[in-house]
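Architecture and fold: a report
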Amino acid sequence: MQSIIKEDHKNTDPIDAVILWVDGNDEKHKEKILPYIKNPVQTHSEKFRTRYDQVNEIKFTIDSILKFASYIRNIYIITDNQTPRFLKTKASQDHYQNVYIVDHSVIFAGYDEFLPTFNCRPIETCLHRIPNLAEHFIYFNDDFFLINETKPSDFFKDGLPILRGKWLKFDEDILYKKFKKARTGHKTIQQNAAKLIGFNEYYNFKHTPHPLRKSTFENYFEENEDIFVENIKHKFRNKNQFTP
């Protein structure tokens, strides 16, 4: 088993990991978001706080990557002028030497008018703009934890991402859903993405790490800058956005 894993590592192009992170408990972040909130009272609601607050779970995410995905070259944390507390200690410098903070201002360079943003979809749309990002990378949320050994071929095969999900019909093509009140959520923005590129079904994926290719983002958005701008301009989630 050991030799198989080593061989798998040897024959794989570099793979990076990317994580989005925000510390909604940070007073500066709270001050930054207030001018863009119509009703400040909503910032105290459980639904709102769940989206932005953190309990240091990102440390477990990164530790699990280091332990169970040792082939990962670099781990990039995308933040808005913030740094997770556990990375600020001297003791962390050696252990987390391949962990890098990338500010929103870096990946939004040239599109600074859309900052600040409090919406994961514009940030996801800009992932490919991380300097020195590998062609193959895995996008993690800050609450994903690997619990067993993984290998590169769990995420990429012959240079292509391995996707975990299933093809489904659009909601408007399912009879009973035509009579239900429409909800805007993760499935909706998946359907928006599929329609954008002309599919007649959409690929439904769950809360799981996503293997991606930088060139896919670069090529599409270079040819469709208007679509890129439309998706990054919303400071909060919008029903017309898509998941890149």
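Below is a short write-up of the structure.

Parameters at a glance
- Residues numbered from 1 in each chain as written.
- Predicted model: local features only at pLDDT ≥ 70, side-chain atom pairs only at ≥ 80, totals over all residues.
- Heavy atoms only, no water.
- Helix = DSSP H or I, 4+ residues; strand = E, 2+ residues; numbered from the N terminus.
- Buried < 20%, exposed > 50% of the residue type's maximum accessible area, 1.4 Å probe, protein only.
- Contact = heavy atoms within 4.5 Å.
- Areas by Shrake-Rupley, 256 points an atom, 1.4 Å probe, with all protein chains shown as cover.
- Pairing = 2+ DSSP bridges.

Attention shifts here to the overall build of the protein chain. Across its full length, the protein chain carries 10 helices and 9 strands. Looking at the protein chain residue by residue over its 244 residues, the buried ones come to 44%. Within the protein chain, counting contacts between residues at least 6 apart in sequence, those at least 24 apart form 76% of the total. In the form shown here, the protein chain has an accessible surface area of approximately 14,500 Å², with 52% of it arising from carbon and sulfur atoms.

With that settled, consider helix α8 (residues 186-196). The set of residues buried in α8 consists of Thr 188, Ile 189, Gln 190, Gln 191, Asn 192, Ala 193 and Ala 194. Packing partners of the buried residues in α8 comprise α7 (120-125) and β8 (202-205). After α8 finishes, the residue Gly 198 shows a positive phi value of roughly 90 degrees.

Attention now goes to the pairing of strand β2 (residues 72-79). For β2, the tally of buried residues reaches 7 of 8 residues, placing the bulk of the element in the interior. Sheet analysis places β2 next to strand β3 (residues 99-103), joined by 5 bridges and oriented parallel. Bridge assignment links Thr 79 to a residue of β3, and that residue is Asp 103.

Residue Pro 116 follows Leu 115 across a cis peptide bond; omega there is -5 degrees. Locating Pro 116 in the fold gives a position in the loop between α6 (104-107) and α7. Phi is positive for Asn 81, which is not a glycine, with a value near 55 degrees. With respect to the helices and strands, the residue Asn 81 is situated in the loop between β2 and α5 (92-95). Taking the relative accessible area as the measure of exposure, Asn 81 reaches 64% and is therefore exposed. With a phi close to 65 degrees, Asn 132 is a non-glycine residue in the positive phi region. With respect to the element layout, Asn 132 can be found in the loop between α7 and β4 (136-140). On the basis of relative accessible area, Asn 132 is assigned to the exposed category, the value being 66%.

Any link to function would need more than the numbers given here.
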